[in-house]
Amino acid sequence: MEQGEKIEFRDGALVVPDFPIIPFIKGDGIGPDIWKATRLVVERAVSLLWGERRKIVWKEVHAGQRAFELTGQWLPPETVEAFETFRVGIKGPLTTPVGGGIRSLNVALRQALDLYACVRPVRYFRGVPSPVRYPERVDMVVFRENTEDVYAGMELKEGSPEARSLISFLQKEFGWEIPRDSGLGIKPISRSRTVRLVKAAIDYALSRGRRSITLVHKGNIQKFTEGAFVRWGYEVAKEYYPEETVSWAECDGWPPSGKILVKDTIADIFFQQALTRPEEFDIIATMNLNGDYISDALAAQVGGVGMAPGANINYSRGVAIFEATHGTAPKYAGMDKVNPTSLILSGAMMLEHMGWNEAAQLIEKALEETFAQRIVTYDLARLMDGATEVRCSEFAQKVCANMEGVF
Ligand code: NAP
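Since the model is a prediction, treat every value here as computed from it, not as a measurement.

Novice: Give me the lowdown on the overall build of the protein chain, citing residues and values where you can.
Specialist: Of regular secondary structure, the protein chain possesses 14 helices and 17 strands. A compact globule built from 407 residues would reach a C-alpha radius of gyration of about 22 Å, and the protein chain, at 22 Å, matches this within 12%. Each of the three principal axes of the protein chain carries a C-alpha extent, and together these read 70 × 55 × 50 Å. By residue count, 51% of the 407 residues in the protein chain fall in the buried class.

Novice: Can you tell me about the pattern of salt bridges, naming the residues and giving the values?
Specialist: Under the criterion given, the structure shown has 22 salt bridges. In this structure, the salt-bridge partner of R210 is D282, at a minimum N-O distance of 2.6 Å. Highlighted residues: R210 in the loop between α6 (191-207) and β10 (212-217) and D282 in the loop between α9 (267-276) and β13 (283-286), separated in sequence by 72 residues. Accessibility classification places R210 together with D282 in one group, the buried group. Linking R231 and E235 is a salt bridge whose minimum nitrogen-to-oxygen distance equals 3.8 Å. Residue R231 and its partner E235 are both found in helix α7 (residues 226-240); the two are separated by four residues, about one turn of the helix. By relative accessible area, which is 47% here, R231 ends up partly exposed.

Novice: So what about the pairing of strand β3 (residues 21-25)? Which residues, and what values?
Specialist: Most of β3 sits inside the fold, with five of its five residues counted as buried. Neither face of β3 is exposed, since I21, P23 and I25 on one face and I22 and F24 on the opposite face are all buried. When β3 meets strand β4 (residues 57-60), the two strands line up parallel, connected through four bridges. Bridging from a neighbouring strand, F24 pairs with E60 of β4. As a crossover connection, the stretch from β3 through helix α1 (residues 31-50) into β4 is right-handed.

Novice: Residue-level account of the site of the ligand, with values.
Specialist: Lining the immediate surroundings of the ligand are 21 residues, of which T96, N106, G327, A329 and Y378 lie closest. Isolated, the ligand exposes 880 Å² of accessible area, and the fraction of that covered by the protein chains is 67%. Across the shell around the ligand, the residue classes tally to nine nonpolar, seven polar and five charged.

Novice: Describe in detail the sheet that holds β13, supporting the description with residues and values.
Specialist: Pairing is mixed across the open sheet formed by 11 strands, whose spatial order is β4-β3-β5-β15-β14-β6-β7-β13-β10-β12-β11. The strands lining the two open edges of the sheet, one partner per strand, are β4 and β11 (245-247). Taken pair by pair, the neighbouring strands of this sheet meet at an average axis angle of 25°, ignoring direction. Relative to the sheet, α6 contacts β6 (117-123), β7 (139-145), β10, β11, β12 (260-266) and β13, its axis offset from that of β7 by approximately 160°. Sheet contacts for helix α10 (residues 288-301): β6, β7, β10 and β13; angle to β7, the most-contacted strand, approximately 155°.

Novice: Give me helix α14 (residues 392-406): which residues, what numbers.
Specialist: Across its 15 residues, α14 extends 21 Å between first and last C-alpha, which sits within 8% of the 21 Å expected from 1.5 Å per residue. For α14, every residue scored as buried is listed here: C392, F395, A396, V399, C400, N402 and M403. On an axial view of α14, the arc spanned by its buried residues comes to 165°, and they lie on one face. Check the buried side of α14 and you find it contacts α1, α11 (341-353), α12 (357-372) and β16 (375-376).

Novice: Just give me the short version of the packing of α1 against α12, but keep the residues and values in it.
Specialist: Contact geometry of α1 with α12 gives a least axis separation of 9 Å together with a crossing angle of 120°. The orientation of α1 with respect to α12, classified from their angle, is oblique. For the element pair α1 and α12, the recorded crossing hand is right-handed. Facing V41, V42, A45, L48, L49 and W50 of α1, the residues of α12 in contact are E358, A359, L362 and I363. Grouping the constituent residues of the contact of α1 with α12 by class yields nine nonpolar, no polar and one charged.

Novice: Describe the environment of D336, listing the residues and the values that go with them.
Specialist: On the secondary structure map, D336 appears in the loop between β15 (319-324) and α11. Sequence spacing of D336 and A267 is 69 residues, and the spatial spacing of their C-alpha atoms is 38 Å. Dropping the residues within four chain positions of it, D336 is found in contact with D33, R391, C392 and S393. Among the polar contacts made by the side chain of D336, one reaches the side chain of S393 at a distance of 2.7 Å.

Novice: Hey, could you go over the packing of aromatic side chains for me, with residue numbers and the actual values?
Specialist: In this description, a pair of aromatic rings is defined by centroid distance and the angle of the planes. Counted under the stated rule, the structure contains 14 aromatic pairs. Note on F143 and Y204: the rings are 5.2 Å apart at their centroids and 65° apart in plane angle, and the pair reads as edge-to-face. Linking F143 in strand β7 with Y204 in helix α6, this pair joins segments that are 61 residues apart in sequence. You'll find F143 and Y204 in the same group, each marked buried. A ring pair is formed by F371 and F395, whose centres lie 5.6 Å apart and whose planes are at 40°; its orientation type is tilted. On the criterion of sequence distance, the pair formed by F371 in helix α12 and F395 in helix α14 is long-range, its members being 24 residues apart. Accessibility assignment for this pair places F371 and F395 in one class, buried. Joined through ring pairs, the aromatic side chains of F24, W35 and W58 make up one cluster.

What counts and what doesn't
- Residues numbered from 1 in each chain as written.
- Predicted model: local features only at pLDDT ≥ 70, side-chain atom pairs only at ≥ 80, totals over all residues.
- Heavy atoms only, no water.
- Helix = DSSP H or I, 4+ residues; strand = E, 2+ residues; numbered from the N terminus.
- Rg over C-alpha atoms; globule rule 2.2 N^0.38 Å.
- Buried < 20%, exposed > 50% of the residue type's maximum accessible area, 1.4 Å probe, protein only.
- Salt bridge = Lys/Arg side-chain N within 4 Å of Asp/Glu carboxyl O.
- Pairing = 2+ DSSP bridges.
- Right-handed = clockwise from strand over helix to strand, strands pointing away.
- Near = heavy atom within 4 Å.
- Areas by Shrake-Rupley, 256 points an atom, 1.4 Å probe, with all protein chains shown as cover.
- Nonpolar A, V, L, I, M, F, W, Y, C, P; charged D, E, K, R; others polar.
- Axes fitted to C-alpha atoms, helices over the stretch in contact; angles between N-to-C directions.
- Contact = heavy atoms within 4.5 Å.
- Expected span 1.5 Å × (residues − 1).
- Arc of directions from axis to C-beta.
- Parallel < 35°, antiparallel > 145°, perpendicular 65-115°, else oblique.
- Left-handed = near helix turned anticlockwise from the far one by under 90°.
- Polar contact = N/O pair within 3.5 Å; in protein donor to acceptor, adjacent residues only side chain to side chain.
- Phe/Tyr/Trp six-rings, centres within 6.5 Å; stacked < 30°, edge-to-face > 60°.

This is the structure:
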């Protein structure tokens, strides 16, 4: 490995050397194809801007199918350690092991590193086919809580002694009648984890000059979990950001200029309004399961999962993993066919997170140019007239050529 240095975290901020060591996982299925494309684009952006003065020193680590073949473990401890040590990393999609103790490697990685905020920006690139009439009005960033909710995996199988015991307990102590042949799941939503998620969303909004935060919930029904999330969300704004934010109730939806509007919406109507009036939404803060559905639904408006980047971040410890939001699409593995934009945009997010903003902007501009030229992979080409369909690797080369043009 070339000489590089660790990214440090001091006084709440990353300290990024000119030659940072960045761990990466290629991923399974289509992972190696989209990783190769992403690495090419990220390296070209950095070299165009800074020549020999800055360079990423990549460090390969393993998880998923590849790790299992090499080590007999799906998520080797060294991989988790590498992300913890080097702080900023990137990964392709991973095969979910069938059977065995791990339900999802992504969930395991997020939990092991306490990557509590899943951040998913959703924006439209002109020229990309969309099922909605005004996709250019979609510009949202979803902050999804990553560590609790029914997603935390606390479930008991129907008929198991544990499920029976809990059903009896609930009947005896609370008088709750639950059919004995039920499976059970626990939905923890805590004040402390809500506070850190909503703070991350507001900090993000402030640092990027965004307009509003919408807390999306089913608090009308699930009062002490999702309802509490909303209440705590408003409290965070009032307690920690009294000068910078204003709630809907305080201004009737018309915030004084320079203040971030904090509002909330019930999840079911959110899905409708995000389609019909997307311009009314900016930063979305929500819980784990809602966030999962919402991110994919929003991605559909801007061209699908192949277009949607993501990151899992612990802002308190400065640890972050950037990732494509889709899976391994095994039927396309090794075919050099799929759309690498999700991982390329995740790479751009990573550069921005490191403070290398110019490189992130250069990549976004080149992607804009490439889509405007109607140069796309199969997933978009099949929905477009007059498109030039290219392979995954060719798409990356076109993006690089357009970066040179912009530069
Ligand atoms: P998937 O891999 O996301 O693929 C579903 C479909 O989405 C593909 O068949 C393809 O649609 C489209 N697609 C996905 N990525 C694309 C890309 N880059 N470009 C263009 N189209 C793309 O979902 P899955 O088949 O349900 O899951 C496969 C495996 O991935 C499973 O083991 C699952 O557990 C895992 N998974 C991993 C992650 C992760 O690591 N973050 C996330 C989700 C799932 P068309 O067939 O219509 O072309």
